[in-house]
Amino acid sequence: MSEPDSDAGPVEENIPEDVDAPDIEEAEAQDSDVEEAAKHVPSSIPLRVRDLRKTFGGITAVDSASFEVEEGTITGLIGPNGAGKSTTFNLITGVYSPTSGSVTFQGQDITGLQPEKIANRGLVRTFQIARELEEMTVLENMLLAPRGQRGERLITSVLPGLRSGVDDQERELLERAWDTLELFEIDHLAREDAGGLSGGQRKLLELARALMTEPEMLLLDEPFAGVNPTLEEKLLDRIHALREQGYTFLLVEHDIDLIMDNCERVIVMHQGSVLAEGPPEEIRDNDEVIDAYLGEEI
Amino acid sequence: MSATDSERSVRGALREMVTDSDLRMIAVTIAAVYVLLVGVAFYFDPDQAVNLSATYIQSVTIFIGGYAMLTLALNLHWGYTGLFNIGVAGFMGVGVYAMAVLTAPVNPATAGATPGFGLPLWAGLIGAAAAASVVGLLTALPALRLRADYLAIVTVALSEIIRLLLNSQALSEVTVFGATFGTGGASGINYAGPSPIIAGTLFDTLAGPVTGALLAVGVDPRTWGIRPSNFEGMIYGVVLLVATAGFYWLLFRTGNSPFGRVLKAIREDELVARSLGKDTRMFKIKAFMVGCALMGLAGALWFGRGGFTSPTQFRPNITFFVFIALIIGGAGSNTGSVIGGAVFAGFLFYLPQQLGTVIPQALPQGAGAGDIAAAVAALGGGDVLPLVGYTVSNISRLRFVAIGVILVWLIQRRPDGLLGHRTEPASSIDINQRPGTGGTDGRPAAADGGEERE
């Protein structure tokens, strides 16, 4: 339990506010209605998405989406199929680069950066279909994740004189990997190939692996898809516990009830843009959202 | 129940005896190759058996060393990182020619021979690895952005481009800044090869004292009838095996480390590795360069050993042989790579070739039919000898049919190769041992029924 660092906690300085101020002004002019909903901007906003747009050929998958995620919250991103949730995720994490718009993480522009650069800034994601590394063991999966490993430099790994430092770090990471696996109650699978895990166990492993990077914020793409109710409960417990430790979560989810019950804030996407943003009780009563989910034209 | 149990334990014990140490597995494989070849020598040519055995052993050892080194290098590309490099021959060619150009004499004794830089052998070997890794870098920069199958096309094309360049008259002799050197074009290039320099010198210094020592204990090696060139070959075979051990050590450390862990992750799912913050492009470039350097060095030590090279040595078939060796041994396993190299070189490549020479000599004169039609026709008359004769006299060609059949069988029955199923944990420490628990039981997880898959 001691593992996730208190460094990653909510005591982050407010760098974003000043740096971003002009941007906000500009954006507000364009979609002030969305801004209205989020006027009560609190202390810290690690992730800010502005006018994000992505077209594939003639199809506009994401159309001027703007939203922000508050520090230390679980924020849900919901929307019907094809609303552009996964594309938005891929745009934030650098898998796709946006046609226009910007993504700011902790006050720094990360628009269009390579996925590894974004991950190294502490914005780490999981995938909709759990992408564990099948022919690697659970432990190897876990040990892959940490940032700043000395042994990732070829010279340090190979030369005898330098290798002892690598070994020391490996032992440290191994201890942390075991602790994290215990926390997720999959430590009994540590030596198995990840490919042999069940769907739900893979989801647990993915989240555990993402935690090993010591992230600032986690983006979870449908973390509960294909997970049985017991495991879902377990996964939710973990996410809530981590939030209490100060982690920030943005999660994409289909299941509207699950989002309403577990998120402090909800962002609703429809046809590529943000339809509504706010606390669950507000969203629940929003007519536009209800219409969107009933499939009616707005 | 108890019968099967004891049977299983006996089989387990036997398997453990052969497989518990990687070095022993490799030694057993090579010993099996030797035993078979010595058996062939004694059966077919008892008069010359000792010298023939020595000939067999020296040349098969060189084959084994060469294939094992190349397979290890390819394992870093394909087995570990999933880079589908089918330009092995090209990178070998670059290595051999770099050594040749660097070490060829500035003023060749023979008129018309291609001059070089006249550097010592060690400079040539370093140059071989460096040149191949630079060519690897130049290939990697554009090609590693491509999907795996396109990398394959680029590398196979590159290896042909290299061969044709070496063959071209334009590069056969050039003068740059007053230094004249070149590839010698289609007629090749002469230089001071590593085999005469290393093995020749070792033989000259050791022959006298060793013979003296053996004579002192009453053994006279001169009566064995082994030609000096065979001793020299055997010494060079050992040199290649030592080099193989060096390759193994380097690649073992590369693979079993955090660096190797990222390579494995790239093979499995590159986007995951990137999403965890790994700059996979740099990892791929480094792995590709190291593998290419080793291919160049292996080429220089093996193909370039005799002091002459020409472009015809670097046809793409060598690339496919190395792939076959890797598939046999099991991609992803370094020990498997060495065993695959030994099995391919010994049992599939060298042994059939020699059988094709000795068996026809042992058959009655004119037993073999001239062509397959005549051989099959004779079967009608109940005479199998023409077909047998035809088969063995063409065995060095037919072995490739056999290799194909074995490959198909292997991929169906054992797609992981001999050792590909083994897990070589990608860490510099033993990660199966939980730190702090201190127990000797390495696998408590098995109790959870984790073992049922296999």
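Reading the values: rules and limits
Residues numbered from 1 in each chain as written. Chains lettered and ligands numbered in written order. Predicted model: local features only at pLDDT ≥ 70, side-chain atom pairs only at ≥ 80, totals over all residues. Heavy atoms only, no water. Domains from an automatic or database assignment. Contact = heavy atoms within 4.5 Å. Buried area = accessible area lost by both parts, 1.4 Å probe. Salt bridge = Lys/Arg side-chain N within 4 Å of Asp/Glu carboxyl O. Polar contact = N/O pair within 3.5 Å; in protein donor to acceptor, adjacent residues only side chain to side chain. Helix = DSSP H or I, 4+ residues; strand = E, 2+ residues; numbered from the N terminus. Nonpolar A, V, L, I, M, F, W, Y, C, P; charged D, E, K, R; others polar. Axes fitted to C-alpha atoms, helices over the stretch in contact; angles between N-to-C directions. Left-handed = near helix turned anticlockwise from the far one by under 90°. Core = buried A, V, L, I, M, F, W, Y, C linked by side-chain atoms within 4.5 Å. Buried < 20%, exposed > 50% of the residue type's maximum accessible area, 1.4 Å probe, protein only. Phe/Tyr/Trp six-rings, centres within 6.5 Å; stacked < 30°, edge-to-face > 60°. 1 Å grid on protein atoms, 1.4 Å probe; cavity = no way out; pocket = protein on both sides within 12 Å on 5 of 7 lines; lining within 4 Å. Points joined across faces, edges and corners; volume = space filled by probe spheres on them.

**With respect to the domain arrangement of chain B**
All names here are of chain B. Assigned domains of chain B: these are domain 1 (2-362), domain 2 (364-421) and domain 3 (423-454). Computed from C-alpha atoms alone, the centre-to-centre distance between domain 1 and domain 2 is 28 Å. Listed as interface residues are 24 residues of domain 1 and, on the opposing side, 17 residues of domain 2. The largest share of the area that domain 1 buries against domain 2 comes from Ile327, Ile328 and Leu348, three residues that together contribute 30% of it. Taken together, the links from domain 1 to domain 2 amount to zero salt bridges. One can count four residue pairs in polar contact (both at pLDDT 80 or more) joining domain 1 with domain 2. Counting residues per element, the side of domain 1 that touches domain 2 draws most heavily on helix 13 (residues 334-362), at 15 residues. Among the residues forming the side of domain 1 that touches domain 2, the class breakdown is 17 nonpolar, seven polar and no charged.

**Let's talk about the packing of helix 7 (residues 160-183) of chain A against helix 8 (residues 199-212) of chain A**
Residues and elements named next belong to chain A. As a packed pair, helix 7 and helix 8 sit with axes 10 Å apart at the nearest point and diverge in direction by 145°. Classified by chirality, the crossing of helix 8 by helix 7 is right-handed. Here Leu173, Arg176, Ala177 and Thr180 of helix 7 lie close against helix 8, whose contacting residues are Ala208, Leu211 and Met212. For the contact of helix 7 with helix 8, a count of residues per class yields five nonpolar, one polar and one charged.

**Re the nonpolar core**
Ranked by internal contacts, the top residues of the largest apolar core, which has 163 residues, are Phe184(A), Tyr67(B), Trp302(B) and Phe344(B). Residues lining this core come from more than one domain, with at least three contributed by each of domain 1 (2-362) and domain 2 (364-421) of chain B. Apart from the residues within four sequence positions on either side, Trp302(B) is in contact with Ile62(B), Phe63(B), Gly66(B), Tyr67(B), Leu70(B), Met92(B), Leu240(B) and Ile318(B). One finds Ala65(A), Val103(A), Leu123(A) and Met217(A) within the second-largest nonpolar core, a separate group that totals 24 residues.

**Considering the packing of aromatic side chains**
Residue and element names in this part refer to chain B. All chains considered together, the criterion is met by 24 aromatic pairs over all chains. On the basis of an interplanar angle of 15° and a centroid distance of 6.2 Å, the ring pair of phenylalanine 203 and phenylalanine 231 is categorised as stacked. Separated by 28 residues along the polypeptide, phenylalanine 203 in helix 7 (residues 194-216) and phenylalanine 231 in helix 8 (residues 228-255) bring together distant segments of the chain. Judged by relative accessible area, phenylalanine 203 falls into the buried class, the value being 18%.

**Details of the pattern of salt bridges**
Residue and element names in this part refer to chain A. The final tally for this structure, using the stated rule, is 20 salt bridges over all chains. Notably, a salt bridge pairs arginine 265 with glutamate 70, separated by 3.4 Å at the nearest N-O pair. Of this pair, arginine 265 sits in strand 9 (residues 265-270) while glutamate 70 is found in the loop between strand 2 (59-69) and strand 3 (74-78), placing the two residues 195 residues apart along the sequence. A relative accessible area of 15% places glutamate 70 in the buried class. When the shortest N-O distance is used, the salt bridge between arginine 125 and aspartate 221 registers 3.7 Å. Within this pair, whereas arginine 125 is found in strand 6 (residues 123-125), its partner aspartate 221 is found in strand 7 (residues 217-221), the two being separated by 96 residues in sequence. Per residue, the accessibility class of arginine 125 equals that of aspartate 221, and both read buried.

**Some remarks on the layout of surface pockets**
Residue and element names in this part refer to chain B. The volume enclosed by the second largest pocket comes to roughly 370 Å³. The wall of the second largest pocket is formed by 16 residues, among which Phe203, Ala207, Val210, Thr211 and Phe231 lie closest to the centre. If one sorts the elements of the lining of the second largest pocket by residue count, helix 7 sits on top with seven residues. Looking at the lining of the second largest pocket, its residues break down into 13 nonpolar, one polar and two charged.

**Concerning the side chain of Asn90(A)**
All names here are of chain A. Looking at where asparagine 90 falls in the secondary structure, it is placed in helix 3 (residues 85-92). Note on asparagine 90: relative accessible area 14%, which makes it buried. The contacts of asparagine 90, once residues within four sequence positions are left out, are Val95, Tyr96 and Arg125.

**Concerning the interface of chain A and chain B**
Each partner contributes residues to the interface: chain A has 46 residues there, and chain B has 45 residues. Here chain A and chain B share an interface that buries about 4,300 Å² over both sides, 58% of which is from carbon and sulfur atoms. Linking chain A with chain B are five salt bridges. With a closest N to O distance of 2.9 Å, Glu140(A) and Lys264(B) form a salt bridge. The interface formed by chain A and chain B contains 22 residue pairs in polar contact (both at pLDDT 80 or more). Among the elements of the structure, helix 4 (115-120), strand 6, helix 5 (138-144), helix 6 (154-158) and helix 7 of chain A are those that each provide at least two residues to the side of chain A that touches chain B. When the residues that make up the side of chain A that touches chain B are grouped by side-chain class, the tally is 19 nonpolar, eight polar and 19 charged.

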